[in-house]
Every structure is written in structure tokens, then in C-alpha cells.
Amino acid sequence: MNDQVKMMLSGFFTAYESYKPLLDEAAFAPLAALREESLAMAEKNDDVMSFMQAATAAELFNRWTVALQQAGEAWQRQRKEKPREITLADFVRQYEVLRDDVKSRPHTERQQAAYARFLACADGAANPLVMMRRAEEGACVAAIAASGFEDTNQLMFDRADPNETTQRAYYAKCIELARDVRANEDLTYGAELAAAQLQQAASRDEGVRFALAMLFGRAVDFDKLKWTIRTHLKEAPNGLAKAPEHIGRFLHENGTALLIVRAELRHIWRLLTEDLGLTWEAIIGAPRWRKALLLGASVLPQTDRVWRGMTPANLEWLRETLFDEALSELPTAAILQRRPQQPFQPTPLSEDDDRFGLPGKARARAEALVADFAWSK
Amino acid sequence: MSDPFIDEKMRYHQILLERLKAGGRSPQQTAAHERILALADGAKDVMDWQGRIDAESLDAALARAMSADTWFAKACAARDDDNPELAAVLEQAAREIGAAPDMAAVNQATTAADERTRAVMQRQSDLRHAFIGVIYAAWQFQTRHVANYPEREKFAAEARAGLAKLQAAGATFAQLCAAPFCRKYGPAWADEKWQALIATVDSLAAARRDEAAERQISDEAFRVLDGLTPQGKELAALQAEIDARTKRQTFLAHRLADEPGDYAFEQLWEGEWR
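Residue numbers restart at each chain and count upward from 1, following the sequence in its written direction. Lettering of chains starts at A and numbering of ligands starts at 1, both following the order in which they are written. Totals for whole chains, interfaces and linings use every residue, but because this is a predicted model, local features are given only for residues with pLDDT of at least 70 and side-chain atom pairs only at 80 or more, for both listing and counting. Think of the side-chain values as coming from all heavy atoms in the structure, minus any hydrogens and water.

**Points about the overall build of chain A**
The secondary structure listing takes helices from DSSP runs of H or I that are at least 4 residues long and strands from runs of E that are at least 2 residues long, numbered from the N terminus. Secondary structure assignment for chain A yields 17 helices and two strands. Each radius of gyration reported is based on C-alpha atoms, and the globular scaling rule is 2.2 Å times the count of residues to the power 0.38. For a compact globule of 377 residues, the expected C-alpha radius of gyration is about 21 Å, and chain A comes in at 31 Å, more than 25% above that figure. With the C-alpha coordinates aligned to their principal axes, the bounding extent of chain A is approximately 105 × 45 × 35 Å. Each residue's exposure class comes from its accessible area (1.4 Å probe, protein chains only) as a fraction of the maximum for that residue type: buried when under 20%, exposed when over 50%, partly exposed otherwise. Expressed as a percentage of the 377 residues in chain A, the buried residues total 52%. Intrachain contacts of chain A at a sequence separation of at least 6 include 66% that bridge at least 24 residues. Surface accessibility in these figures is a Shrake-Rupley result with a 1.4 Å probe; residues are shielded only by whichever protein chains are displayed. Carbon and sulfur atoms provide 54% of the accessible area of chain A, an area that totals close to 17,600 Å². When charges are counted, neither His nor the chain ends are considered; positive counts come from Lys and Arg and negative counts from Asp and Glu. Lysine's charge is taken at NZ, arginine's at CZ, aspartate's at CG and glutamate's at CD. Between the mean site of the 48 positive side-chain charges and the mean site of the 54 negative ones, chain A shows a separation of 3 Å. Note on contacts: a residue pair is in contact if any heavy atoms of the two residues lie within 4.5 Å.

**Brief notes about the overall build of chain B**
Of the regular secondary structure elements, chain B holds twelve helices and two strands. Reading chain B from its N terminus to its C terminus gives the helix and strand order α-α-α-α-α-α-α-α-α-α-α-α-β-β. The C-alpha radius of gyration of chain B comes to 33 Å, more than 25% above the 19 Å expected for a compact globule of 274 residues. If you line up chain B on its principal axes, its C-alpha atoms span 110 × 50 × 35 Å. Here chain B holds 274 residues, and 48% of them are scored as buried. In chain B, the share of contacts with a sequence separation of at least 24, taken over all contacts with a separation of at least 6, comes to 54%. Only carbon and sulfur atoms are counted for the fraction: they give 53% of the accessible area of chain B, which is about 13,400 Å².

**A word on the sheet that holds strand 1 (residues 297-298) of chain A**
Here we have four strands laid out as an open sheet, ordered 1(A)-2(A)-1(B)-2(B), and antiparallel in their pairing. With one partner strand each, in any of the chains shown, strand 1 of chain A together with strand 2 (264-272) of chain B form the two edges of the open sheet. Strand direction decides the pairing type here: strand 2 (residues 306-309) of chain A and strand 1 (residues 247-254) of chain B, joined by four bridges, are antiparallel. Paired with G309 of chain A across the bridge in strand 1 of chain B is F251 of chain B. In this analysis, strands are considered paired if DSSP registers two or more bridges between them.

**Notes on the interface of chain A and chain B**
Put simply, an interface is often sized by how much accessible area is lost when its parts join up. Taken together, the 99 residues of chain A in the interface contact 89 residues of chain B. Buried area counts how much accessible surface, traced with a 1.4 Å probe, disappears from two parts once they are put together, with both parts' losses summed. Both faces combined, the contact of chain A with chain B buries some 8,500 Å², and carbon together with sulfur accounts for 61% of it. Its salt-bridge partner being R19 of chain B, residue E136 of chain A comes within 2.6 Å of it at the nearest N-O pair. Considering each element in turn, the side of chain A that touches chain B owes the most residues, 21 residues, to helix 10 (residues 184-232) of chain A. Per-class residue counts for the side of chain A that touches chain B are 47 nonpolar, 23 polar and 29 charged. Within this document, salt bridges are pairs made up of a side-chain nitrogen of Lys or Arg and a carboxyl oxygen of Asp or Glu, the two lying within 4 Å of each other. Three classes are used: nonpolar for Ala, Val, Leu, Ile, Met, Phe, Trp, Tyr, Cys and Pro, charged for Asp, Glu, Lys and Arg, and polar for all others, with Gly counted as polar.

**Comments concerning the nonpolar core**
Generally speaking, soluble globular proteins have nonpolar side chains that are buried together. Nonpolar core, defined: a set of buried Ala, Val, Leu, Ile, Met, Phe, Trp, Tyr and Cys residues in which side-chain atoms within 4.5 Å join the residues together. Ranked by internal contacts, the top residues of the largest apolar core, which has 80 residues, are L272 and L318 of chain A together with F131, I135, F173, L176 and L197 of chain B. For L318 of chain A, the contacting residues outside a window of four places in its chain are L215, F216, A219, W280 and L293 of chain A. Judged by nonpolar contacts, the second largest core, of 24 residues, contains F13, Y19, F28 and L34 of chain A.

**So, the environment of A178 of chain B**
Tracing the sequence through the fold places A178 of chain B in helix 8 (residues 173-178). Put simply, A178 of chain B and D191 of chain B are 13 residues apart on the chain and 8.7 Å apart in space, counted from C-alpha to C-alpha.

**Here we look at the packing of aromatic side chains**
Stacked, edge-to-face and tilted labels apply to pairs of Phe, Tyr and Trp rings (six-membered ring for Trp) whose centres lie within 6.5 Å, assigned for plane angles under 30 degrees, over 60, and everything in between, in that order. Per the stated rule, a full pass over the model turns up 25 aromatic pairs over all chains. Seen in terms of ring centroids, W227 of chain A and W273 of chain B are 6.3 Å apart; in terms of plane orientation they differ by 85 degrees. Their pairing is edge-to-face. Here the residue W227 of chain A occupies a position in helix 10, and W273 of chain B occupies one in the segment after strand 2, the pair thus bridging two chains. The exposure class assigned to W227 of chain A is partly exposed, which follows from its relative accessible area of 25%. Judged by its relative accessible area of 19%, W273 of chain B falls in the buried class. Counting every residue linked through ring pairs, the aromatic cluster contains F210 of chain A together with F131, Y136, W139, F173, W189 and W194 of chain B. Geometrically, a charge over a ring is one whose NZ (Lys) or CZ (Arg) sits within 6 Å of the ring centre while staying within 35 degrees of the ring normal. The side chain of R35 of chain A reaches across the aromatic face of F13 of chain A, ending 5.3 Å from its centre. Positioned above the aromatic ring of Y185 of chain B, the side-chain terminus of R128 of chain B is 4.0 Å from the ring centre.

**Some points on the side chain of D161 of chain A**
Tracing the chain through its elements places D161 of chain A in the loop between helix 8 (140-159) and helix 9 (165-180). For D161 of chain A, a relative accessible area of 0% puts it in the buried group. Here the side chain of D161 of chain A touches K291 of chain A through a polar contact of 2.8 Å, side chain to side chain. Ignoring any residue separated from it by four or fewer positions in sequence, one finds D161 of chain A in contact with R168, K291, D304, R305 and W307 of chain A together with R255 and Y263 of chain B. Think of a polar contact as two N or O atoms within 3.5 Å of one another; within protein, one of them needs to be a possible hydrogen donor and the other a possible acceptor, and neighboring residues in sequence only count if both atoms come from side chains.

**Re the packing of helix 8 of chain A against helix 10 of chain A**
Residue and element names in this part refer to chain A. Only the stretch in contact is used when a helix axis is fitted, and all axes are lines through C-alpha atoms; the angle between N-to-C directions ranges over 0 to 180 degrees. At a closest axis distance of 9 Å, the pairing of helix 8 and helix 10 adopts a crossing angle of 25 degrees. Relative to helix 10, the element helix 8 is oriented roughly parallel. Residues A142, A145, A146 and F149 of helix 8 lie in contact with helix 10, whose contacting residues are N184, L187 and A191. Each angle receives one of four descriptions, namely roughly parallel if under 35 degrees, roughly antiparallel if over 145, roughly perpendicular if within 65 to 115, and oblique otherwise.

**Some details on the environment of G360 of chain A**
Residues and elements named next belong to chain A. If you trace the backbone, G360 turns up in helix 17 (residues 358-370). By relative accessible area, G360 is classed as partly exposed at 33%. C-alpha separation for the pair G360 and Q76, spaced 284 residues apart in sequence, amounts to 56 Å.

Have a look at this one:
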């Protein structure tokens, strides 16, 4: 079974195991049938997307929810109709099933510890009530859910690029919430609010990335126009008016575009500085903005700490293009005559990627780089 | 009340009650625990107390309250996030689930609440998406030169398409600039910046071709290039020298240390650029 599918079904299967010793055969039958159906569906759909499609079409998750609620009601009915005292062993066993499920999954150390603390409340207890009283005194029950939340967010925190400060701050906030939690509703409240604030901060970051992409894209256009003019101006040695008509028009159009793009770079720079409050130092001093400018793209699904992008020399090219040329007082003619210190270094073409196997090389190197980190497993 | 089970059970409910009260976001569970504790008054033994609890179906009420309080906690978060529309839907869910007479009614109320919540969130998300699209189109528009009519018109059209979506949903751009569920997703601006953006968006409809500006920049370009034509060969040589220093490159960057800081770069590949 696909690991992600296994994770999706794990909660349902754990609940199935919990009800197994509690319900009579008739009441348990719907859960048993759903488990069989889920296993067959997982077997037939080995990737997570096709499993999700099949599960959605069959309303599998909704049916699990309903069946579990009905199982809960049946359990309540059984208790009333045939009262039997739940022994401490029965009670502990239900939680051991849940603990075992958690233990079977990686990166669940905190939740395993929370279960251990909870189950330790049974030591020397006369009955389930005493155990639960002790557990509540130690806030062990709320800690079980909170520690699972902490494990998840700690893993996401560890896997996240430390320079992606917005995401990291959110994970850190969630970890803090989980550590302080006394009631489930506190965690729900804090997590919901933090998630909304994350989306807002991420959207604001996206606005900056959008403006940076406008700046970078226009600077590349500026470079291309300089290239075209420098390369073709020799075809009009006696002036534009005396050049063949198509040459004269071609150069004139590119010259006009160069002036327009230069002015537009000034406008974009004004947007970044006056409207978004940035400076060159703030942009270049923030690794995440440098990554955005270099078109950094993650190469591994589990982490964005490793990414592939342009040469960092292109940041110096951008600085030079902006401050020594486009935004400077230099006349455009002088810009065309100027020898840049750092030329723009373009990225490989898609056929280069294919021919030299660059995505595969990047992935292999990235995997080697993160192999020793527990969070990468 | 010398029954040790009563003492044990009372302590259990008291601990939960104190904790839930302190959090302040679990009103229905708090009420259920208070009622359960009140029923202990005068109970002969724990069986008597449990009988009173069962008579009022308080165990089931507690289960319902847990679900209702989850919705209530979400409502508190939405309210504190300045999203009263979402908060109202979530509060309604908490009330309806808490008042449901049995589990079937809880399921029904939960399904209905899920649908209503999803509808509000989807509507807000669609509006937000169109709103942000208008901002980006306006930025593109305002940073284009007045002589760059084709591109200004392209981005004005993009913005107008976004505004039409807002209008179809019964909203205006100016309204959404003031609505936290949209505004908080845009730049962290003071009112005057938002007003300036609204003015830019308003001006999109009136965007016209500026032939005088086009002529002016065209004339300037002619002068600049015409003046450079005697140096055509030198410029071509300069570009050839730049081309010789130009390579296609791709790098792998990583930050494996846990604190923010510089990336380490490794060159993956270099090749000719054409």
C-alpha cells in the first residue's frame, strides 16, 4: 500500500481496532466491510491521486465518518442494554491500539511519549476512573492530540528552508501552541488563527515576489534589447535614415523599446521602494528574496532547503544593470557603449536539461546532501 | 458522600471544569461538567449519581459539546482574525450542534455546517483571488510607460476582467480594500496607499493611447541610435566580448544549518549559451 494512502487510512483503521473488542458482531459488521473495501481500493490504486479520486467517487471518507459515529452510538446502546463494567485492562488496551498505530509511523516521538505518560497513569490504578483522573491531573489527555500536532509541525519546521521565515514562523508558532495547550479548543483556536495569519503573510510575500519577478524580467528585456542594438547597429553605418528601410525600422523599434524598458525599470523600482518599502540592501540582504530572484525551485518533495536556480552571479548582474545603467544618470548611448563587469548568465534550455540529465543530477546531489538528516527520512 | 468513587469522579470533572473555564473557548463542555457536578449533590453513591447523569443524557451531551466547542473555538479564531462573516457561520454551527437532540441530528447539523462554512470560505477565496489579480494587473499597468500602449491595454483588460468578477459577486474593489478578509492579504499599507491604488484602478477604464508620448520617445530613440551608428563595429565587438563571457549555468543551492543565513552554491552544469 502506498505510504500516503496508508497514512490517510490509518486513523480509520485504528478506530476499527478500538471498536473490535467492544461491539457485538452485527454492530461491528459495517466497520469490517468498510475496512475490506478500503484495503481493496488501496490495493487497486497504488498512487495517492488515483486513490483519492476513487475514494471521493465512492464517498469512502464520509462513509467511514458515518460508520464510526454509528459504532459509537451502538457502543452507547450496548452499554445501556447490557451494562458491563469496563476493566482497567480493557480500557488500557483501547489506548494501546492507538499508541501502537502512532509507534508504527516515523517522526512521532513526542506523541509516543505522551501516550507513555498517559498509559503510566494506569500503574497501580484501581479502575479506569482513577486512571482518567490521574491523566487529567497531568493534562495527559490533551497532550496526546497536542503532541501529535507538535510532531507534525516540528517535522515541517525541520524540513523547511530556514530562510523561508514566514513558513518557519508559522511552524514555530504551532509548536509553541502545542507545548502550552491545556484544552483541545485552545489548540483549535490557536491553530486556526495561526493558519489564517500564515496565509495572509504568505500572500504579502507573494506580492513582493511578483514585483521582484517584474523587476528581474524587465532587466532581462533591457539586456536583450542592448544585445540586439549592439549586434545590428553596424548594419546602418551611415545613419538610420540612410540604412535599408527594414534595418532602419528594426533598429528604431528596438531603440524605442530600450528607452521604454529603461523607464519601466524606474517605475518598478519605485513600486518596490515607495509602495512596498524595500531597498536594495533589504532585498539582497534577505536570502529568501535572493532565492526568488534566482528562480529557486525545490528539487526534493520533502524539503525546500535544497533548490536549483540561476548562478548567484546574476544578482551582481542585476545590481549593475539597475544602478550602473537603467536607474543611473548615464545617457542611454553611454549605457550601450559601456562594458558590463558581470554579464547575465542564462539558465539551461529544456533540451540541455534532457540531454545532460540535469534534473536527475540535481535530485541525486540533493538526496546525498540531506541523507544524514532525520527529517529527510 | 463518603463513596470513594464519587470523590474520584468529582475530582475528575472538577479538573476538567477548571481547565476548560481557564481556556474560555469550551462553553458547552463547561456547562455539561457543571451540570454533572451539580447532580452529585445529595447522591447516595456513584451509581445513584450516574443514574441522574444518564437520566439527563449528559454523557451524550458532553460528546456533543466537544464537537460544538470545536466549532466555537474556530469561530473565536475567525472573529479575532476580523472575519465576522465566517465567525457567524461557525457560531451558528456551534449552537446547532450543541442543541441537537441526538447523534443523527448532530451528524445532520455538522454536514449542514460544513457546507455553509465551505460556501463562505469559497466565496471569500474567489473574491480574494480576483482582488489580488486586480492589484497585480494594476501594478503591471502603472509600471508600464505611457507610450507602451499595447501592454498597458493588456493589463488594463486583465484588471477589468477581475473587476467584472468582483461586480458579478456584488462587490467593488474599493469595498474589498477595506474588508479585512481581502485587505490583510495585500500589502501592509496605510489607508492613503490603498486610496492611491483605488485611484489607479479607477483610471484603468479611461486608459487611452498617448500618441504624443509615443512620438516623443520614438524621436528620442532615433536621435540616440543615429548618433551611435558610426560606432556600429565597436559596439558589435563589445557585444561579442560580452557574449564570450556568457555561459548557460545552473546551480544547486542549500541551507542545511538550522538558522537563517547564506546559501551554499554548487555549480551543477555550464554550457554554451547559443
